[in-house]
Amino acid sequence: MPELSSYLEAAGEPRFRAKQIAGWMYSKLVFRVADMTDLPAGLRDRMADDFLSPGSSVAERLESPDGTVKLRVLLHDGESVETVVIPSLNRVTLCISTQVGCPVGCRFCASGANGLVRNLCAGEILEQFCLGCEEAGRRVDNIVFMGIGEGLLNFQELSHALDVLSSPDGMAFAPRRITVSTSGYVPGMRRLAELKKEYNLAISLHAVDDRTRSSIIPDRVRYPINEILEAADAYRDAVNRFYTFEYTLISGVNDSLPEAKKLGEIAMLHHAKVNLIPVNPVNPEFSRPSQRAIRAFEQTVASTGAMVTVRSERGSGRDAACGQLRISARRRQ
Ligand code: SAH
Ligand code: SF4
């Protein structure tokens, strides 16, 4: 908002214009300057020339039978990312990407298969919010940064976007309705804690020992589990908010019952909840455990007293698992 105010001031516009434009964007969910009918035509033309308004558009829309809608969002330079609209009984969750590709390269994930192409800028992150609300037909209720990319490796742009989303002058989203997911990039977790906002933090743990973890996450960006837990605890204490572990369940890799017990114990020790995600088929080397094995793993985690849920399979039809829309679009090019 300060950027918009100074732009309008430089354009010789009265002070109330910034509020007027914010009203269109944040209350009426109208994001195209051309549609902001009470702005002077000259200003609308000028803004349309000066800003990439909007620079992103929906190139592909894939709806699953459960109502989940994956959007392939085309960026101004021809690259694309995914944004997912996930409706449930009485709320809508939006899953947003932070990078084109991902430098972490977890071996089960399509997003990192070709490394990092580039970071998204804050505007591109926010445009996904706008396109997601347009798709949902209303303001979404929750935002999760669980799309393509490791947001904490794009900290400056992510934190700028978080600021606009949560600022009372911006989208006025309660930080508690926003979740940042990380593969455990410790320096980024520490910087997020410095913001002192109650964003939910989700840690993609995936293993209870570093050896197993190193077999699924390459060395490049991976931190030792004990350092990740230390930074996560520091985050919890700084913002007064419990965090969550995400654990992608892969048959024969990290799904044994002793690992389930250890996971439960770690979760209890750190007051964290556990979210189990049966792996979506991306890499033929990794397959999903049987329903029975998933249930046994869940029960063993729960037997330690830890809170545990299994992520219901949503939108994981053909080519719809995390990162796959973007990859399949590249293949077709
Ligand atoms: N880079 C961040 C956020 C994006 S990934 C992170 O890793 O946390 C969001 C979640 O999707 C992660 O928990 C990741 O483990 C999960 N994920 C990625 N590919 C998956 C797959 N093929 N099957 C199941 N979960 C997957
Ligand atoms: Fe990147 Fe997250 Fe995918 Fe790992 S799981 S490659 S960190 S997007």
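In this text the structure is predicted, and so the values were computed from the model without any measurement.

J.: What's the story with the overall build of the protein in this structure? I'm lost.
T.: Counting secondary structure elements, the protein contains 11 helices and 12 strands. In terms of overall size, the protein behaves like a compact globule, its C-alpha atoms giving a radius of gyration of 21 Å where 333 residues would be expected to give roughly 20 Å. The principal-axis extents of the C-alpha atoms in the protein amount to approximately 65 × 45 × 40 Å. When burial is assessed residue by residue, the protein has 54% of its 333 residues classed as buried. Sequence separation of 24 or more characterises 65% of the internal contacts of the protein that already satisfy a separation of 6 or more. Accessible surface computed for the protein: about 15200 Å², of which carbon and sulfur atoms make up 51%. Across the protein, the centroid of the 40 positively charged side chains sits 4 Å from that of the 40 negatively charged ones.

J.: It is not clear to me how the nonpolar core should be interpreted in this structure. Could you clarify?
T.: Burial of nonpolar side chains together is a common tendency in soluble globular proteins. Of all hydrophobic cores here, the largest spans 79 residues; its most connected members are Phe129, Ile143, Phe145, Leu192, Phe245 and Leu263. Apart from residues lying up to four places away in sequence, leucine 263 is in contact with Leu205, Val208, Tyr247, Val274, Leu276, Phe297 and Val301. With 12 residues, the next largest nonpolar core counts Tyr7, Ala18, Ile21 and Met47 among its residues.

J.: Before we go on, may I ask you to explain the sheet that holds strand E1 (residues 57-63) in this structure?
T.: The strands that make up a sheet are held in pairs by hydrogen bonds between backbone atoms, and each pair lies either parallel or antiparallel. As summarised here, the arrangement of the 10 strands in space is E1-E2-E3-E4-E7-E8-E9-E10-E11-E12, forming an open sheet in which the pairing is mixed. With one partner strand each, in any of the chains shown, E1 and strand E12 (308-310) form the two edges of the open sheet. Averaged over all adjacent pairs, the angle separating strand axes in this sheet is 20 degrees, with direction ignored. Sitting on the sheet, helix H4 (residues 122-136) is in contact with E1, strand E2 (69-74), strand E3 (80-87), strand E4 (92-95) and strand E7 (142-145), with an inclination near 40 degrees to E3.

J.: Just checking my understanding: could you explain the packing of H4 against helix H5 (residues 155-166) for this structure?
T.: The angle between the axes and the distance between the axes are what describe a pair of packed helices. The geometry of H4 relative to H5 is characterised by a closest axis approach of 8 Å and an angle of 45 degrees between their N-to-C directions. What the angle tells us is that H4 and H5 run oblique. The two elements H4 and H5 cross, and the hand of that crossing is right-handed. Between H4, through Ala122, Ile125, Leu126 and Phe129, and H5, the contact on the second element is made entirely by Glu157, Leu158, His160, Ala161, Val164 and Leu165. Here the residues of the contact of H4 with H5 are counted per class, giving 8 nonpolar, 1 polar and 1 charged.

J.: Mind showing me how you'd approach H4 here?
T.: In an α-helix there are 3.6 residues to a turn, and that puts residues three or four apart on one side. Between its first and last C-alpha atoms H4 spans 21 Å; for 15 residues at 1.5 Å apiece the expected length is 21 Å, and the two agree. Most of H4 sits out of view: 11 of its 15 residues are buried. Listed in full, the buried residues belonging to H4 are Ala122, Glu124, Ile125, Leu126, Glu127, Gln128, Phe129, Cys130, Leu131, Gly132 and Cys133.

J.: Explain the environment of isoleucine 148 to me, please; I cannot follow it from the model alone.
T.: Structurally, isoleucine 148 can be placed in the loop between E7 and H5. On the basis of relative accessibility, which here comes to 1%, the residue isoleucine 148 falls in the buried class. The spatial distance from the C-alpha of isoleucine 148 to the C-alpha of leucine 131 is 16 Å, given a sequence separation of 17 residues.

J.: Could you clarify how one ought to interpret the pattern of salt bridges in this entry?
T.: When the charged atoms of two side chains lie near each other, side chains of opposite charge can form a pair. By the definition in use, this model includes 18 salt bridges. Taking the shortest distance from any N to any O, the salt bridge between arginine 138 and aspartate 141 comes out at 2.9 Å. A single network of salt bridges, built from pairs that share partners, joins Arg61, Glu63 and Glu135.

J.: What is the right way to read the site of ligand 1 from this model?
T.: The environment of ligand 1 is formed by 19 residues, the closest being Phe108, Ser181, Ser204, His206 and Asn280. A distance of 2.9 Å is found between a nitrogen atom of ligand 1 and a backbone nitrogen or oxygen belonging to glycine 149. With respect to ligand 1, the backbone of asparagine 280 contributes an N or O atom lying 2.8 Å from a nitrogen atom. Here ligand 1 loses 96% of its free accessible area of 520 Å² to cover by the protein chains. Only strand E8 (178-182) and strand E10 (244-249) provide two or more residues apiece to the shell around ligand 1. A breakdown of the residues in the shell around ligand 1 according to their chemical character gives 8 nonpolar, 9 polar and 2 charged.

J.: Please explain the side chain of asparagine 254 as it appears in this structure.
T.: For asparagine 254, the location among the structural elements is in the loop between E10 and helix H9 (257-269). Classification of asparagine 254 as buried rests on a relative accessible area of 0%. From its side chain, asparagine 254 meets the backbone oxygen of histidine 206 in a polar contact 2.8 Å long. The residues contacting asparagine 254, other than those within four sequence positions of it, are His206, Thr212, Ile216, Tyr247, Thr248, Leu249, Glu259 and Phe297.

J.: Explanation requested: the packing of aromatic side chains in the structure shown.
T.: The geometry of an aromatic ring pair is captured by two quantities: the separation of the ring centres and the angle between the planes. Enumeration over the complete set of coordinates arrives at 4 aromatic pairs. Taking the centre distance of 5.9 Å and the plane angle of 75 degrees together, the rings of tyrosine 185 and tyrosine 223 count as edge-to-face. Within this pair, whereas tyrosine 185 is found in the loop between E8 and helix H6 (186-194), its partner tyrosine 223 is found in the loop between helix H7 (210-216) and helix H8 (225-239), the two being separated by 38 residues in sequence.

J.: Would you mind showing me how to read the pairing of strand E9 (residues 200-204) here?
T.: Each regular strand carries side chains that alternate between the two faces of the sheet. Summarising burial for E9: 5 of the 5 residues are buried, a large majority. Of the two faces of E9, the one holding Asn200, Ala202 and Ser204 and the one holding Leu201 and Ile203 are both buried throughout. In this fold, E8 hands off to H6, which returns the chain to E9; that crossover is right-handed. Sheet analysis places E9 next to E10, joined by 3 bridges and oriented parallel. Paired with serine 204 across the two strands is glutamate 246, which belongs to E10.

Analysis parameters
Residues numbered from 1 in each chain as written. Chains lettered and ligands numbered in written order. Predicted model: local features only at pLDDT ≥ 70, side-chain atom pairs only at ≥ 80, totals over all residues. Heavy atoms only, no water. Helix = DSSP H or I, 4+ residues; strand = E, 2+ residues; numbered from the N terminus. Rg over C-alpha atoms; globule rule 2.2 N^0.38 Å. Buried < 20%, exposed > 50% of the residue type's maximum accessible area, 1.4 Å probe, protein only. Contact = heavy atoms within 4.5 Å. Areas by Shrake-Rupley, 256 points an atom, 1.4 Å probe, with all protein chains shown as cover. Lys, Arg positive; Asp, Glu negative; His and termini not counted. Charge placed at Lys NZ, Arg CZ, Asp CG, Glu CD. Core = buried A, V, L, I, M, F, W, Y, C linked by side-chain atoms within 4.5 Å. Pairing = 2+ DSSP bridges. Axes fitted to C-alpha atoms, helices over the stretch in contact; angles between N-to-C directions. Parallel < 35°, antiparallel > 145°, perpendicular 65-115°, else oblique. Left-handed = near helix turned anticlockwise from the far one by under 90°. Nonpolar A, V, L, I, M, F, W, Y, C, P; charged D, E, K, R; others polar. Expected span 1.5 Å × (residues − 1). Salt bridge = Lys/Arg side-chain N within 4 Å of Asp/Glu carboxyl O. Near = heavy atom within 4 Å. Polar contact = N/O pair within 3.5 Å; in protein donor to acceptor, adjacent residues only side chain to side chain. Phe/Tyr/Trp six-rings, centres within 6.5 Å; stacked < 30°, edge-to-face > 60°. Right-handed = clockwise from strand over helix to strand, strands pointing away.

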